[in-house]
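Next come the chains, spelled out residue by residue.
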Amino acid sequence: MTTEERTRRWRLVLGGGDADGLGAQEGTEVPLTLEDRRMDAALAGLYDPPEGERRGGLGGSAPRVARWLADLREFFPTDVVRVMQADAIERLNLQQLLFEPEMLDGVEPDVHLVATLVSLRGVMPPSARDAARSVVRRVVDDLTRRLEEPTRAAVTGSLSRAQRTRRPKAAEIDWPGTIRANLGTYRPELGTLVPERLVGHGRRRRSLRDVVLCVDQSGSMAGSVVYAGVFGAVLASLPALSTRVVAFDTAVADLTEHLSDPVELLYGLQLGGGTDINRALAYCQGVIERPEQTVLFLLSDLFEGGNEREMLARARALRESGVLVVALLALSDDGAPSFDHGVARALASLDIPAFACTPAHFPGLLAAALRGDDPGAWAGEQGLVVRGGAAG
């Protein structure tokens, strides 16, 4: 790289002016092309707004913001664009501009934008609602395409040997398993084997396991809630599982009836508000019918706003009844989450591991739980830090 090119890049990073130290003292400026100046303006609009415009920079009109977004998408890769969009919403208070269809058509959709749109839907004008729902649908469809197959494979593999029987009905016969079990009965003169033992899957008409996603919808969990909604919809499509999604803040909402459409499920959430884990676990206790066949994922940062002692007692009761309980501190790619370490340690003492999980890891975690493996041990093997447990 030439000295001139290196200086140009530092100029774009530092933003120009007296503070960059790249020639201003000598009365010269670093030469920039037209494209460089457009890139510099796009960066300055977000990270160096004029004094007094720190809140609501980039101007108040949606067309201007839409052009700014187009510049970002032209100059930077998608992952960088998403970071800058999130910075703009937070630093410059641009939530109001998300009400404009023109801006929504220009954004790079991601999980955090979906969470923002869902949380603002109650105050969004009618003119922007269709565009906002379209953005949410695009993200949900993309996540479903990426997560559905790994999840299906994990569930199928973990339950493939469940509830086998030697006297299956015709529709329940596992033919590959039956053939493998009867290879010794092959009759050369007949050119076939005569099965002496049938292998089947048992009562396939009923779900083999029950899964409950108990989701904290407080503002700090917004990104995780989006992933939970998508996973809930995928799991609900699998006949081997009976899936329930319960969302809570200081109240509890059972969203199971919306699992056929994850977008409707997300729009049934009330992102923000307080946290009452105790009330949510009480509801789950009331709807769990087969404790020993149930896996409950408590997705929460564990900052309890209700009765913490009673909440821990309910968690103990669930675990002692046979429910496999896992506390997920986050379901996202956002790095280490903030959570209540004291409650995490208390849950660990009840044989309830607490750890954060990425969306890519969740199918493996689900498979381990359905097999009856120790989720905490599995998380440790994957390099996920188990709070309060043996792995961390």
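Anyway, here's the lowdown on the structure attached to this text. (Residues numbered from 1 in each chain as written. Predicted model: local features only at pLDDT ≥ 70, side-chain atom pairs only at ≥ 80, totals over all residues. Heavy atoms only, no water.)

### Some remarks on the overall build of the protein chain
Each helix and strand counted, the protein chain has 15 helices and 8 strands in total. For the protein chain, with 392 residues in total, the buried portion stands at 47%. Just so you have it, the protein chain exposes about 19600 Å², and 48% of that area is on carbon and sulfur atoms. (Helix = DSSP H or I, 4+ residues; strand = E, 2+ residues; numbered from the N terminus. Buried < 20%, exposed > 50% of the residue type's maximum accessible area, 1.4 Å probe, protein only. Areas by Shrake-Rupley, 256 points an atom, 1.4 Å probe, with all protein chains shown as cover.)

### Section: the sheet that holds strand β7 (residues 324-331)
The sheet built from 6 strands is open, its strands ordered β5-β4-β3-β6-β7-β8 with mixed pairing. The strands lining the two open edges of the sheet, one partner per strand, are β5 (252-254) and β8 (354-357). With direction set aside, neighbouring strand axes in the sheet form an average angle of 25 degrees. In the sheet, strand β4 (residues 241-248) pairs with β5 via 3 bridges, with the strands oriented antiparallel. Within β5, the residue paired with Val246 across the bridge is Asp254. (Pairing = 2+ DSSP bridges. Axes fitted to C-alpha atoms, helices over the stretch in contact; angles between N-to-C directions.)

### Concerning the packing of helix α7 (residues 126-159) against helix α9 (residues 222-236)
Running from amino to carboxyl end, α7 crosses α9 at an angle of 55 degrees, the nearest separation of the two axes being 9 Å. Relative to α9, α7 is oriented oblique. Of the two elements, α7 crosses α9, and the hand of that crossing is right-handed. Across the interface between the two elements, Val140, Leu143, Thr144, Leu147, Glu148, Thr151 and Val155 of α7 pack against Val226, Tyr227, Val230, Phe231, Val234 and Leu235 of α9. Looking at the contact of α7 with α9 residue by residue, the classes come out as 10 nonpolar, 2 polar and 1 charged. (Parallel < 35°, antiparallel > 145°, perpendicular 65-115°, else oblique. Left-handed = near helix turned anticlockwise from the far one by under 90°. Contact = heavy atoms within 4.5 Å. Nonpolar A, V, L, I, M, F, W, Y, C, P; charged D, E, K, R; others polar.)

### A look at helix α2 (residues 34-47)
Look at α2: 20 Å from first C-alpha to last across 14 residues, which is about the 20 Å you get at 1.5 Å a residue. All buried positions along α2 are accounted for by Asp36, Met39, Asp40, Ala42, Leu43, Gly45 and Leu46. Two or three places before Asp36, at the opening of α2, Thr33 has a side-chain oxygen 3.1 Å from that residue's backbone nitrogen. (Expected span 1.5 Å × (residues − 1). Polar contact = N/O pair within 3.5 Å; in protein donor to acceptor, adjacent residues only side chain to side chain.)

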